[in-house]
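Observations on the three-dimensional arrangement
Chain by chain, the residues run as shown.
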Amino acid sequence: MGSARARGWVVSVLSAVVAAAAILSPIPAGEASAGMVQDGTATRGKDVLIFKDGRIVEGRVLEETATEIRFEVKVGTIAAPTVYRKADILEVQRGAATDAPASPAPGVRDERRDASPRVTGDPGAPGIYVMEMTGRIGRDISVTPIRNVLEDARQHKPDVLIVVIDNAWQFGDGRDAPDDAASFGQIFIAEDIEPIFTQEIPQKWGYSPRIIIWVKKAMGGACFIPFNFPEIYFHPDGKMGGIGNLIFQYGNTGDEMVREKLFSAGMGHARGMANHGGYDPRIVTAMARTDYVLSYRMVGGRAELLERLPEGPNEFLLTNDGTKDEFKDTIQALARGEGKNTLTLNAKVARDLGVSKGTVSNLDELLFELQLHRRHNLIEGRAKQIWERWGKDITEGDREIRRLMQEFGRIQVQGDYNQRSAARAQQIRTLQRIQQILKRFEEVASLGLMELEGVPSPQEIDVIIEQIRQEQMKDKR
Amino acid sequence: MHRIRTSFVARLAAVALLAGAWLGFGPLQAADAADRVVLKDGRVFEGEIVREAAGAVWIKVTVSGIERTEFFGPADIASVERSPDAPAVASTEAARAPDAPAKSSPRTPGVKRAAVLTLEGMVGTQFSHKPLKEAIPMLEEEGVDVVVFKINSGGGLLYELSFLQDVIHDEYKPKFHVVAWIESAISAAAMTAHVIEEIYFMPQGNYGACTGYSGALVAMKDRGLEEVLYMMEKVSAKGQHHPAIMRSMQIDDPLSCTIKPNGDVEWYNTEEGDFLVNPAGRILTFDAGQAIRFKFAKGQAATIEELGRQLGYAELEWVGETVPGVPFPVSKAEKHQREWRKSMGEAESNLQSNFAKYQISIANAQAAQDDRERGAFVGKAARELAIMEAAFKKHPILGLFTGIDEQWFEDQKELLRRLRRR
């Protein structure tokens with residue numbers, strides 16, 4: 001994955017300084033940490049926020065607008081102001097504190113009244129929640145926004161969850177990447193995402209909705225996600241692939257047998273996902289291994305897979321052995337997306353192979369295919385807003401880290417003792433702010449998908465802060 | 001704590017309840033159902049209302065033997081019906097948080113008790129024999145009969161293998177019915193599970209890729225390789241698996257098999273069998289389909305309920321507390337595994353920064369010009385040293401990675417004493 005930071009290296013930063021920083025970091029609405037969920041005991045003088053998902057947060061209302069509540073959360077002796085969206089809040093229970101702000105000013109709409117789940121169509125019909133996963137896998141398509149969207153979905157208790165996958169498949173400079181560009185290593189991102197649907201939903205929701213995957217573009221790591229689900233539909237232009245580089249991942253490093261071990265382990269995970277959704281694991285092997293040969297023929301309306309080249313006009317080649325010179329894809333074929341060294345599923349092939357249950361160009365067609373077109377409630381959740389907010393927050397995080405790094409570079413520790421002390425305090429604050437952002441987006445930063453060139457890791461920041469503190473101890477008036 | 005029974009009746013009940021939830025009829029209920037919440041979508045939840053606020057209701061229900069608290073906002077609720085003899089619902093102030101752990105019930109006579117122990121992370125660090133050994137008295141205290149090792153690991157240190165295999169074979173097997181449940185067992189994780197006779201796969205499970213290597217993908221060779229191959233032949237015998245299987249997972253020998261008319265499977269490290277499982281030049285990793293088809297695994301289970309049925313017990317109590325986000329009850333022994341991994345992860349993660357802070361403090365103490373200043377830096381150094389020493393004592397394997405031993409800590413303490421005396 002080419003991550004600048006080893007996976008797991010930034011997982012646990014638990015020194016007192018960092019713990020304090022994490023608590024002080026802004027927490028987006030609906031993401032209050034477990035540490036902030038209290039036992040429901042409303043101490044006299046404190047305010048209590050009851051969220052629509054059942055969580056309870058205790059503290060003090062600092063400020064209130066038409067849409068947000070600025071709230072001071074206390075954990076132990078540490079108080080941290082946090083902003084919550086009113087739309088996520090069921091009730092504000094105010095304590096006896098006299099400084100609690102008044103209700104919204106006259107004329108300001110109280111959004112709590114509009115906060116109930118909204119549905120369209122037939123109220124007694126199956127509820128359908130649609131979430132669209134767009135952007136870059138690992139950055140935009142990541143565990144936090146998925147969990148946040150599903151938390152929104154949970155409140156609506158849908159019967160059917162439609163997951164649209166349309167990930168960005170681009171080079172770093174924004175150009176569209178071809179089918180033969182590949183990133184098998186992103187399988188581990190998909191492995192973090194899959195249990196959110198298959199394990200967390202039943203556990204948190206108390207039931208399992210019917211999950212439908214609609215593939216518009218599922219390339220690279222995103223390609224593994226649909227395999228975990230038995231009901232996949234394709235858009236007419238849908239594509240699923242971009243993992244064909246497995247056997248080239250390690251170049252000529254080390255011994256071939258060890259490289260084979262690593263390919264085998266990777267394929268074990270990939271084949272496992274295919275098994276999970278009920279698909280023939282040979283399909284994912286053809287998508288990942290350039291040296292694998294696979295063809296098929298249709299027998300009684302179903303594809304029969306053949307681990308060899310086609311031997312007649314009714315047999316169709318899926319992949320040949322691209323490690324052999326005679327089968328290497330030509331540049332003409334690659335430019336046209338017609339390469340045969342690794343398999344990229346399109347709508348037709350996916351349908352032939354039984355991966356796709358149907359090809360649909362819009363939601364109405366999908367509902368028709370699902371036999372839900374006559375009677376359904378299309379739930380108007382907040383999936384789109386949550387998704388966009390996450391993308392914006394990461395971009396802002398990138399920008400803010402750059403700004404803070406520049407700010408840190410400009411701080412001069414000079415002047416008299418008080419000025420030097422103040423400058424060091426500012427250095428520490430700046431570093432802690434960077435640390436907070438890195439912690440908040442740890443799942444993205446650890447994959448190297450934030451712009452962190454020259455930015456120290458949270459652990460390194462910890463050491464730099466200690467160094468500054470000790471410099472301060474050495475300083476004399 | 002709670003129980004999950006896998007009796008036929010319970011299974012039917014579970015199916016009915018789930019169907020009810022899906023189809024919008026049939027209440028989800030607690031054993032001593034008292035209150036009813038009727039939703040606008042037609043679903044009915046029966047149980048105990050544990051909290052109410054602003055028209056919202058928290059109701060404790062039981063689904064398939066699992067107790068959970070459901071939350072419904074006022075917009076979802078059509079009506080709330082209270083049992084006439086139900087105690088007054090606790091106010092928001094007094095009610096227990098809806099996701100607080102629920103305790104399981106005491107032992108039911110004649111019913112076997114099972115616990116899931118997760119083996120995750122790197123073999124040798126997070127996935128270690130030490131917490132497994134420490135868990136045995138906890139399992140005994142909880143009256144556990146069946147131990148399910150749920151494995152999800154990409155492998156790790158060869159060094160740890162024999163310790164793990166010995167704890168499972170010599171200490172767990174005589175006391176418990178031991179089962180491996182495979183989510184992902186790669187390399188040393190598969191070599192650990194291999195000592196267990198009864199292996200079940202999750203649908204996405206994978207198992208194999210056991211080639212030993214070091215550094216820049218350099219394979220074990222010569223005597224070292226022969227010793228590991230021999231070790232795994234012995235482990236295969238203990239786990240009653242044909243040695244040819246593990247051999248194809250370790251080195252690039254082919255593996256094929258023939259399924260005889262009586263259903264037995266004959267294995268070969270050649271390509272002579274009816275089914276080519278692993279071609280020459282490749283390393284074997286089983287997926288669930290292969291493992292079951294060729295009878296390496298006893299079956300496939302996605303959940304503990306499915307696993308309980310596969311294990312063939314008429315009834316099975318799963319020991320432990322309900323923990324949000326964990327799809328099975330967490331026993332004391334399992335809690336111990338989780339705490340071990342957390343503590344190990346923290347120690348690994350903080351080690352470098354603790355060490356760097358220690359060195360900065362020592363350098364400043366050595367350069368300090370007066371006793372007070374030096375004392376302050378020595379104090380800081382001593383604090384970091386104490387943190388590191390505690391981590392090394394709890395996780396001795398850290399010494400293997402760093403070369404730091406007890407003598408190093410003694411030397412550092414002497415250095416700090418000298419600095420204090422200066």
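Data block above holds the structure.
What follows covers the overall build of chain B. Counting its regular elements, chain B contains 12 helices and 18 strands. For chain B, buried positions account for 54% of its 422 residues. Of the contacts formed within chain B by residues at least 6 apart in sequence, a portion of 65% connects residues at least 24 apart. With the model as given, the accessible surface of chain B reaches about 18,000 Å², and the carbon-plus-sulfur share is 54%.

To continue, consider the overall build of chain A. Across its full length, chain A holds 12 helices and 15 strands. Residue burial in chain A is summarised as follows: out of 477 residues, 52% are buried. Counting only contacts in chain A whose residues sit at least 6 apart along the sequence, the fraction spanning at least 24 positions is 65%. Within the structure as shown, chain A displays about 20,900 Å² of accessible surface, and the carbon and sulfur contribution to it stands at 48%.

Each pair of aromatic rings is reported with the distance of its centres and the angle of its planes. Scanning the entire structure with this criterion turns up 20 aromatic pairs over all chains. Considering the side-chain rings of Phe149 of chain B and Tyr172 of chain B, the 5.1 Å spacing of their centres and the 65° angle between planes classify their relative orientation as edge-to-face. With Phe149 of chain B in strand E7 (residues 146-153) and Tyr172 of chain B in helix H3 (residues 158-172), this residue pair connects regions lying 23 residues apart in the sequence. Members of the aromatic cluster, connected to one another through ring pairs, are Phe201, Tyr207, Trp267, Phe275, Phe286, Phe294 and Phe296 of chain B. For Lys216 of chain A, the ring lying beneath its charged end belongs to Trp214 of chain A, and the centroid distance is 4.8 Å.

Attention now goes to the sheet that holds strand E15 (residues 275-278) of chain B. All names here are of chain B. Overall, antiparallel pairing links the three strands, which are arranged E14-E13-E15 in an open sheet. Of all the strands in the sheet, the pair left with one neighbour each is strand E14 (265-268) and E15. Across the sheet, the mean angle from the axis of one strand to that of its neighbour is 30°, orientation sign disregarded. By the bridge criterion, four bridges tie strand E13 (residues 255-259) to E14 in an arrangement that is antiparallel. Looking at the pairing, Cys257 lines up with Trp267 of E14.

Residue and element names in this part refer to chain B. Here the phi dihedral of Ser187 falls at roughly 55°; this positive angle occurs in a residue that is not glycine. Inspection of the secondary structure assignment puts Ser187 in the loop between strand E8 (177-186) and helix H4 (188-193). On the accessibility criterion, Ser187 (10% relative accessible area) is buried. One non-glycine residue, Ala209, adopts positive backbone phi at about 55°. When you line up the elements, Ala209 lands in the loop between strand E10 (206-208) and strand E11 (213-214).

This part is about the pairing of strand E8 (residues 160-167) of chain A. All names here are of chain A. Counting buried residues along E8, seven of its eight residues qualify, which places the element largely inside the surrounding structure. Judged from the eight bridges that link them, strand E7 (residues 127-135) and E8 form a sheet pairing that is parallel. In the sheet register, Glu132 faces E8, and the bridge partner there is Val164. Tracing the backbone out of E7, into helix H2 (residues 143-156) and back to the parallel element E8 gives a crossover that is right-handed. Of the strand pairs in this sheet, E8 and strand E9 (residues 210-219) are connected by seven bridges, and their pairing is parallel.

Time to look at the sheet that holds strand E11 (residues 294-299) of chain A. Residues and elements named next belong to chain A. Pairing is antiparallel across the open sheet formed by three strands, whose spatial order is E12-E11-E13. Here the strands that pair on one side only, and so sit at the sheet edges, are strand E12 (302-306) and strand E13 (315-319). Each strand of the sheet is rotated relative to its neighbour by a mean of 35°, with strand direction disregarded. Where E11 meets E12, five bridges bridge the pair, whose relative direction is antiparallel.

Basis of the calculations
- Residues numbered from 1 in each chain as written.
- Chains lettered and ligands numbered in written order.
- Predicted model: local features only at pLDDT ≥ 70, side-chain atom pairs only at ≥ 80, totals over all residues.
- Heavy atoms only, no water.
- Helix = DSSP H or I, 4+ residues; strand = E, 2+ residues; numbered from the N terminus.
- Buried < 20%, exposed > 50% of the residue type's maximum accessible area, 1.4 Å probe, protein only.
- Contact = heavy atoms within 4.5 Å.
- Areas by Shrake-Rupley, 256 points an atom, 1.4 Å probe, with all protein chains shown as cover.
- Phe/Tyr/Trp six-rings, centres within 6.5 Å; stacked < 30°, edge-to-face > 60°.
- Lys NZ or Arg CZ within 6 Å of the ring centre and 35° of its normal.
- Pairing = 2+ DSSP bridges.
- Axes fitted to C-alpha atoms, helices over the stretch in contact; angles between N-to-C directions.
- Right-handed = clockwise from strand over helix to strand, strands pointing away.

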